[in-house]
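One letter stands for each residue in the lines below.
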Number of protein chains: 2
Amino acid sequence: MNKKYSIKDIAELSGVSVATVSRVINNNGRFSEETRKKVLKVIKKTGYQTNFSAKNLRMNKSFSVGILVPDISNYFFANVVQKIEKILFNRGYSTFICNTARDENKELAYLKMLESKGVDGLIIISGAKAFDISKLNSPNKIPFVCIDRKPKDRSNTVFIGSDHYQGAFDATNSLFQAGCKFPIIASHNRSSSSAVDRLNGFKDALSKNGLDFDSSRNQIVITTNDSTNAIDLLLKENPQIDGFFAINDSIATNVLSSLLRLGKEIPKDIKIIGFDDEPQDIHSYPTLSSVKQDTDKIAQVTVDNIIGLIDHTAITGESITIPVKLIQRDSSL
Amino acid sequence: MNKKYSIKDIAELSGVSVATVSRVINNNGRFSEETRKKVLKVIKKTGYQTNFSAKNLRMNKSFSVGILVPDISNYFFANVVQKIEKILFNRGYSTFICNTARDENKELAYLKMLESKGVDGLIIISGAKAFDISKLNSPNKIPFVCIDRKPKDRSNTVFIGSDHYQGAFDATNSLFQAGCKFPIIASHNRSSSSAVDRLNGFKDALSKNGLDFDSSRNQIVITTNDSTNAIDLLLKENPQIDGFFAINDSIATNVLSSLLRLGKEIPKDIKIIGFDDEPQDIHSYPTLSSVKQDTDKIAQVTVDNIIGLIDHTAITGESITIPVKLIQRDSSL
DNA sequence: TTGTAAGCGTTATCAC
DNA sequence: GTGATAACGCTTACAA
């Protein structure tokens, strides 16, 4: 064999017209059972496969979607992207995964490319700035859903996010319940909307337990890898600190090892809870408590909505919050 | 505006023919400087973008490649995929990232889909079984390169891999140099080619230091999450064990926490070295030594080769080994 | 129930 | 240096 089989080849081989073959393949229109069998047999024998470029061109639909993700080597992102991709594949869509590295220019370049490739929909994950689709010059706007990223114009998208506020609130509150008197929050210096929500949850849990939030004493921003000194300093100034709610597990792990290095006993002296429930949490010593996001649910809801928007069976303007779950392990007992 | 601009629109708006517009866009064939300016101006004003479906159909080329990866939430894979995708994007290619979950059926389904979408090339990462492209019925075989995965037929691909053997050898050897008398290897139960190479490196380092490899005493297979008991047992039977070379950092972290739980002091009682140099290695306590793969290099070489194969400027049959580097941290001092 | 043919947006061949 | 036009493989009126 010397070239790929086309519908025309199948038509000739099975003695029908291309139109009929197309109808059989897509199971639309009418045709006799006999014809169906005949055509399918030839398709099977030849191993014919649809040429999607042609199909896309004709139908103006690509059966592909693009995902913009800030950092695919981050566990949470990788996990949710992986699940989305799987569900999309099972529903006949393929996925362009684009790693924006939190770079706005890159993001725009990717969007242009995705538009040019004719993706049917867009999934936008996280990122610091509000997402603005109007940068695209596509006239018939590509439908998109946002995960954890507030869009500039909420009315033309679906927003999906974990209940970061509640997760942070529950985690912090559980520190109090475990006996902490003065927990603090350890965060990074990016201000994504999820980070803001988590901070608010922390603050409200503080005030519920009779403490006022003071950013100089109740918060530490972990920037460099050598955070041990920063933590040491803060602990010396505020010896009453006896708990950490970390905005993610990477920071939690960082804090944990710093504290161990400073000779603290965990959880006896200081308790820690992280966020995202990364796999290595069960392998840290002590095992790390964490707030788990329901990535299965997030992925499912995301796919349902983007395909819904593509098929015009879903509507924009929705905002969906997915519950989270606090996983208690040794670090906060 | 109500529909996307096509070349035809650009042609009308700039008063030339579609052929000329195409020539200008692709900068091939001849046209006057004046025409070029005129056309480009219209393109800029309209925000015209190539319709890739049409271009693909006509040229029988899609400017896209597919990546088969076993598990994108594994740090090493995510990292190398991310870098490959970035370089490909900069060279005008977009990437379908397919998570096979080490499932052969899924893999085949993905391959069929990628073939159908008309990808120009394939990048196959890792996996236990040898890769067999002949499962595809594409006549004009799609070029592919393999990373860390031995292809069934080596002659029609390019094989790229880290020097797993050397990494394992160096790591093990350095355990001896640090004073270990009886190091063992901690591995998983998958037999990828890289795992085999690492095991061989370990064995040879053992024999170089006068020890014979005995799988019942020099090797532990970490299967479940509750590996602490297994390790405890082995240590009781073989109290001379004073070093672990773990086949990856996940297992290393697992071993490390188990040992701490068993009251061992690291690195005083037992030293540990992992593989892959994951980011959290510097956040474990003690910090974890590890063999670092050169993902930048791997990604660059991979892209050079796959594009080379696509453009017929590279040849198959090559086998490229990328050096690795042992990063010493506290766990093996 | 099936066939014919137009057309999707490109590129490439050929003519001028 | 430029323009007509065929062709890529498919879907879908419209005919039969």
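Residues numbered from 1 in each chain as written. Chains lettered and ligands numbered in written order. Predicted model: local features only at pLDDT ≥ 70, side-chain atom pairs only at ≥ 80, totals over all residues. Heavy atoms only, no water.

Looking at an unreviewed UniProt entry, one finds chain A named LacI family transcriptional regulator and attributed to Companilactobacillus nuruki.

Colleague: Help me understand the pattern of salt bridges, please; the structure alone is not making it clear to me.
Modeller: Two side chains bearing opposite charge may form a pair once their charged atoms approach each other closely. Residue and element names in this part refer to chain A. Per the counting criterion, the structure on display carries 28 salt bridges over all chains. With its nearest N and O atoms 4.0 Å apart, the salt bridge here joins Asp276 to Arg198. With Asp276 in the loop between strand S9 (271–275) and strand S10 (289–293) and Arg198 in helix H8 (residues 193–208), this residue pair connects regions lying 78 residues apart in the sequence. Under the relative-accessibility criterion, Asp276 is labelled buried at 10%. Residue Lys292 is joined to Asp277 by a salt bridge in which the shortest nitrogen-to-oxygen separation is 3.4 Å. Of this pair, Lys292 sits in strand S10 while Asp277 sits in the loop between S9 and S10, and the two are 15 residues apart along the sequence. (Salt bridge = Lys/Arg side-chain N within 4 Å of Asp/Glu carboxyl O. Helix = DSSP H or I, 4+ residues; strand = E, 2+ residues; numbered from the N terminus. Buried < 20%, exposed > 50% of the residue type's maximum accessible area, 1.4 Å probe, protein only.)

Colleague: For this particular structure, what's the right way to read the domain arrangement of chain A?
Modeller: A common way to state how big an interface is: give the accessible area lost once the parts meet. Residue and element names in this part refer to chain A. Partitioning chain A into domains gives domain 1 (7–50), domain 2 (62–163 + 295–324) and domain 3 (164–292 + 327–332). Computed over C-alpha atoms, the centres of domain 2 and domain 3 are 30 Å apart. Of the residues lining the interface, eleven residues belong to domain 2; the matching set on domain 3 comes to 16 residues. Taking both partners together, domain 2 and domain 3 bury about 1100 Å²; carbon and sulfur atoms supply 51% of that area. Per-residue buried area on domain 2 facing domain 3 is highest for Tyr75, Asp163 and Val324; these three make up 46% of the total on that side. Along the contact surface separating domain 2 from domain 3 lie six residue pairs in polar contact (both at pLDDT 80 or more). (Domains from an automatic or database assignment. Contact = heavy atoms within 4.5 Å. Buried area = accessible area lost by both parts, 1.4 Å probe. Polar contact = N/O pair within 3.5 Å; in protein donor to acceptor, adjacent residues only side chain to side chain.)

Colleague: Is there a simple way to think about the relation of the copies chain A and chain B in this case?
Modeller: Between the two copies of the chain lies a rotation about an axis combined with a shift along it. Rotating chain A by 180° and translating it 0.1 Å along the rotation axis places it on chain B, where the RMSD comes to 0.1 Å. The two molecules are tied by a two-fold rotation axis, judged by turn and shift. Among all C-alpha atoms of chain A, that of Ser53 of chain A lies closest to the rotation axis, at 2.3 Å. Both copies present the same face, since 100% of the interface residues in chain A are matched by interface residues at the equivalent positions in chain B. (Least-squares fit on C-alpha atoms with pLDDT ≥ 70 in both.)

Colleague: Sorry, what's going on with helix H4 (residues 52–59) of chain A here?
Modeller: Since there are 3.6 residues in each turn of an α-helix, residues three or four apart along the chain are aligned in direction. Where H4 of chain A is concerned, the buried positions are Phe52, Ser53 and Asn56 of chain A. All buried residues of H4 of chain A lie within an arc of 105° about the axis, which places them on one face of the element. Turning to H4 of chain A, the residues buried within the fold contact helix H4 (52–59) and helix H6 (104–116) of chain B. The backbone nitrogen of Ser53 of chain A has a side-chain oxygen 2.9 Å away, supplied by the residue at the start of H4 of chain A, namely Asn51 of chain A. Downstream of H4 of chain A by one or two residues, Asn60 of chain A has phi in the positive range, about 55°. (Arc of directions from axis to C-beta.)

Colleague: Just checking my understanding: could you explain the nonpolar core for this structure?
Modeller: Buried together is how nonpolar side chains tend to be arranged in soluble globular proteins. In terms of nonpolar packing, the biggest core is built from 61 residues, with Ile123 of chain A together with Ile123 of chain B touching the most fellow members. The contacts of Ile123 of chain A, once residues within four sequence positions are left out, are Val65, Gly66, Ile67, Leu68, Ile84, Leu88, Val145, Ile147, Thr302 and Ile306 of chain A. (Core = buried A, V, L, I, M, F, W, Y, C linked by side-chain atoms within 4.5 Å.)

Colleague: Whenever I open this one, the protein's contact with DNA strand D confuses me. Can you help?
Modeller: In the vicinity of DNA strand D lie 26 residues, with Ile7, Tyr48 and Arg58 of chain A together with Ser32 and Thr35 of chain B positioned nearest. Restricting the count to atoms of DNA strand D within 4 Å of the protein gives a sugar and phosphate share of 58%. At 2.7 Å from a base nitrogen of DNA strand D is found a side-chain nitrogen or oxygen belonging to Arg23 of chain B. With respect to DNA strand D, the side chain of Arg30 of chain B contributes an N or O atom lying 3.0 Å from a base nitrogen. For the surface near DNA strand D, the secondary structure elements donating two or more residues are helix H2 (18–26) and H4 of chain A together with helix H2 (18–26) and H4 of chain B. Grouping the amino acids of the surface near DNA strand D by side-chain chemistry returns ten nonpolar, eleven polar and five charged. (Near = heavy atom within 4 Å. Nonpolar A, V, L, I, M, F, W, Y, C, P; charged D, E, K, R; others polar.)

Colleague: Help me understand the sheet that holds strand S7 (residues 219–221) of chain B, please; the structure alone is not making it clear to me.
Modeller: Residue and element names in this part refer to chain B. Strand order in the open sheet formed by six strands is S7-S6-S8-S9-S10-S12, with mixed pairing between adjacent strands. Single-partner strands in this sheet number two, and they are S7 and strand S12 (324–327). Across this sheet, the average inter-strand angle for adjacent strands is 20°, counted without regard to direction. Of the pairings in the sheet, the one linking strand S10 (residues 289–293) to S12 comprises four bridges and is antiparallel in character. Among the inter-strand pairings, Lys292 is bridged to a residue of S12, identified as Lys325. (Pairing = 2+ DSSP bridges. Axes fitted to C-alpha atoms, helices over the stretch in contact; angles between N-to-C directions.)

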